[in-house]
Amino acid sequence: MRSSATSALLCLLVCFVFIKAGSASLLQRASTLPSPISFPPAQNWDGPDGPWSTFTLRVGTPAQDVRVLISTASQSTWVVLPQGCDPSDTSCQDERGATYDYNSSSTWKSRGTFELFNEQNLGLYGNGLWGNDTLGLGIQGSGGPTLDHQIVAGIVTNNFYIGMFGANPKPTNYTGVDGYQQDSYISSLKKQDFIPSITYGYTAGAQYRQKKVLGSFTLGGYDESRFTPNGHSFTFAPDNDRDLLVGVQRITFETPNGTTSTLLPFGILAYVDSTIPYIYLPLEACKAFEKAFHLKYNATIDLYPVSDSQHEELIAQNASITFTLSDDVSGGDAINITLPYDSFDLTATYPLVTENTRYFPLKRAANESQYTLGRTFLQEAYLIVDYERNNFSISQCMFEDGLQQNLIGIPPVPPSSSTSASNKEPSSNRSTVIIGIAVGVSVLVVAIVAAVEEESKRELARSEEEAEERVRLGFNKAELGDLDHVRCEMEGAEIPGPSLAPLAQEKAEYFEAHAGKHELVGGDVQFSELLDQKGPIYEIAAYGIPKSTFVSPSTELSISSSDSTSAVICNLTLQRPTGTSFTTQFQFPKIIRTTFPYRWSDGTYAPYSIINSQFTAVCAFFTRPIRSFITD
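Computed from a predicted structure; not experimentally measured.

Each value, and the rule that gives it
- Residues numbered from 1 in each chain as written.
- Predicted model: local features only at pLDDT ≥ 70, side-chain atom pairs only at ≥ 80, totals over all residues.
- Heavy atoms only, no water.
- Disulfide = S-S within 2.5 Å.
- Buried < 20%, exposed > 50% of the residue type's maximum accessible area, 1.4 Å probe, protein only.
- Pairing = 2+ DSSP bridges.
- Helix = DSSP H or I, 4+ residues; strand = E, 2+ residues; numbered from the N terminus.
- pLDDT = per-residue confidence, 0-100.
- Contact = heavy atoms within 4.5 Å.
- Salt bridge = Lys/Arg side-chain N within 4 Å of Asp/Glu carboxyl O.
- Polar contact = N/O pair within 3.5 Å; in protein donor to acceptor, adjacent residues only side chain to side chain.
- Phe/Tyr/Trp six-rings, centres within 6.5 Å; stacked < 30°, edge-to-face > 60°.

## Observations concerning the state of the cysteines
So, point 1. Inspection of the entire model under this criterion finds one disulfide.
So, point 2. Residue pairing for C85: its cysteine sulfur links by disulfide to C92, the two sulfurs lying 2.0 Å apart. Residues C85 and C92 are joined by a disulfide whose S-S torsion is about -75 degrees; by sign, that bridge is left-handed. C92 carries the same exposure label as C85, and that label is buried.

## Considerations on the sheet that holds strand 21 (residues 304-305)
So, point 1. Taken in spatial order, the three strands make up an open sheet running 21-25-24, and their pairing is antiparallel. For this open sheet the edge positions go to strand 21 and strand 24 (346-348), each flanked by a neighbour on one side alone.

## Observations concerning the pairing of strand 3 (residues 52-59)
When a strand is regular, its side chains alternate between the sheet's two faces.
So, point 1. With respect to burial, strand 3 is a largely interior element, eight of its eight residues being buried.
So, point 2. In strand 3, alternate side chains face the same way, and those of W52, T54, T56 and R58 on one face and S53, F55, L57 and V59 on the other are all buried.
So, point 3. If you look at the hairpin formed by strand 2 (residues 41-46) and strand 3, you'll find five residues sitting between the two strands, and G47 has a positive phi there, around 110 degrees.
So, point 4. Strand direction decides the pairing type here: strand 3 and strand 4 (residues 64-71), joined by five bridges, are antiparallel. Bridge pairing in strand 4 links T56 to R67.
So, point 5. As paired elements, strand 3 and strand 7 (residues 127-137) share three bridges and run antiparallel to each other. Looking at the pairing, R58 lines up with G136 of strand 7.

## What about unusual backbone geometry?
So, point 1. A cis amide bond links G50 to the next residue, P51, at an omega of 5 degrees.
So, point 2. The topology assignment puts P51 in the loop between strand 2 and strand 3.
So, point 3. The linkage connecting Y350 with the following residue, P351, adopts the cis geometry, with an omega of 10 degrees.
So, point 4. Inspection of the secondary structure puts P351 in the loop between strand 24 and strand 25 (357-360).
So, point 5. Non-glycine residue Q210 carries a positive phi angle of around 45 degrees.
So, point 6. If you trace the backbone, Q210 turns up in the loop between strand 12 (199-203) and strand 13 (216-219).
So, point 7. With a relative accessible area of 42%, Q210 lands in the partly exposed category.

## Some thoughts on helix 4 (residues 283-293)
So, point 1. Among all positions of helix 4, only A285, C286, F289, E290, A292 and F293 are buried.
So, point 2. Just beyond helix 4, the residue with positive phi is H294, at close to 55 degrees.

## Focus on the confidence of the model for the chain
So, point 1. Of the residues in the chain, 60% reach a pLDDT of 70 or more, and the chain-wide mean stands at 74.
So, point 2. Confidence drops under a pLDDT of 50 for residues 417-453, and excluding neighbours within four residues, the segment shows 36 contacts in the predicted structure.
So, point 3. Scored below 50 in pLDDT, residues 588-632 makes 135 contacts in the model with residues more than four places away or belonging to other chains.

## Side note on the pattern of salt bridges
So, point 1. Tallied over the full model, the rule gives 13 salt bridges.
So, point 2. The partner of D49 in a salt bridge is R375, and the shortest N-O contact between them spans 3.9 Å. Placement of D49 in the loop between strand 2 and strand 3 and of R375 in the loop between strand 27 (372-373) and strand 28 (381-386) is noted, with a sequence separation of 326 residues between them. Like D49, the residue R375 is buried in the burial classification.
So, point 3. Notably, a salt bridge pairs K363 with D302, separated by 2.9 Å at the nearest N-O pair. Pair noted here: K363 is in strand 26 (residues 362-364) and D302 is in the loop between helix 4 and strand 21, with a separation of 61 residues, a long-range link.
So, point 4. Assessed through its relative accessible area of 9%, K363 is described here as buried.
So, point 5. Overall, D302 belongs to the partly exposed group, its relative accessible area being 32%.
So, point 6. If you follow the salt bridges from partner to partner, you end up with D46, R67 and D94 in one network.

## With respect to the side chain of S105
So, point 1. Take S105: it is sitting in the loop between helix 2 (92-95) and strand 6 (109-115).
So, point 2. In terms of polar contacts, S105 uses its side chain to reach the backbone amide nitrogen of T61, at 3.0 Å.

## Side note on the packing of aromatic side chains
So, point 1. In this structure the tally under the stated criterion is 28 aromatic pairs.
So, point 2. Both rings, one in F227 and one in Y382, keep their centres 4.8 Å apart while their planes meet at 20 degrees; by these two values the pair is stacked. Of this pair, F227 sits in strand 15 (residues 227-228) while Y382 is found in strand 28, placing the two residues 155 residues apart along the sequence. The same class applies to F227 and to Y382, which are both buried.
So, point 3. Ring pairing ties together the aromatic residues F39, F55, F165, Y185, Y200, Y202, F217, F234, F236, Y387 and F392, which thus form one cluster.

Right under this line is the structure:
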């Protein structure tokens, strides 16, 4: 009897020792943070406004290699579709970083056509075919991480000639698509324990330095070998669409012979954004640059071209430009980032210009929302962004021969003190448990119960930490259409129709019951109805349309357009069968920053994004579904 009890006790003892040893091993592994990941640059220099050091992504199944730039503003990945190139242009696909054919991927899942919602404040618009597919970092066989079901937007617009890899961690919502929300790539890496924290380090690379220094992008940390630390930290701005905001207190021009001048007449807040190459400054600052570098603005191409002779003079001048940065436009601790003239010596190619042209990457900002330090600035600056602590740093890049990559991980934000306490399990306590169980079965039972309770506490702490993370990321998620810019929702072609205001809903219900009319309402509209249009009603803004009657469908219609400072003007000429003609016009704001679905008379839906360069198409938008046209 005693022997049986002893044997049972010994059996339980052995099992428990193994269980606790296994638990200790798991705890040890859990306490070991993953290392940061270097997203290796391609050996290519691409882009019509650089060229720039690009990075290779593996997209789809089987994997297709494409080259992209890093976007510090975007949270999603944009890749160029084959439709972005004319089939007769054999060089286009390579010039655009290679294209991605979603029809050839077995893991592609389409979500619909939506806007590319970044850079609209700079007048850059475009749509993308959005969906989910497998994404990997680096060329095939490089061993970089691969994540399934990541956001991919296929683009064809020339406004973004090379694809983009989004470094921002905000998740994305697809309105009307099963309430779907998708994590960003960097957040997915953190959740799947590929990286220690939601942080990154980036510099754009510098083709003019040494033997063409490639870009550097580290996820979960930074590369210590690429910069000289200065100890200064910037806090995030409240607007999460422009979080990396710095105070530019001074911009100073200096030559080796001692000539100096101030190029910024007053301090500004500028957004650090690698999506674009340019530096957007107030007109007064641009005028000062023009004087210092003998630049002349070309309004036709919207660039500052530099002739060969002018280029030689500027090389000989060997000037440098120093940006003095702080958290505000004046006062406080500040740092200096110095750029040589070489960093401004870029080449524009098609589609920006018809012939290759040297240019100076300076842009005239229309307002303070456009003040931006783009990719040009990040050739000489190293950016470290910490989304867990809501701060970032900017340091002077270091260029020395023989430097070896040295990746430093940034640890995650530690849990709260209460969570930390529940997570603590000192080694002495574990030893006490393992040793003390030899006393007897009763102690063993107590130990097992204590272990279960401890594990429950740890699980609760993990749940609380995850909840806090969801709340934090949820506050930052981007949803287009929200007036407070806290979230960003994309509405597109697969959505049956936009939600209506109460008055619009009342009208919709009325016309559904009395099918036969659609209404365009808003602005100065007095009365505007389109006959013969059945189905759902869409209310969109119309501006300055006069009180209207209807004409015969046989009337011929021609459309032309013009634009003023603030409006698009549509001139609509009707040619009646009798030979008489009548011209009317209406106008609406020059920029409408939305994409919405519209159902044509054939029953199909089409997304329309109204942009500055498509005035005639804008006018046609209001006339295409009309089988009988409105006139006065």
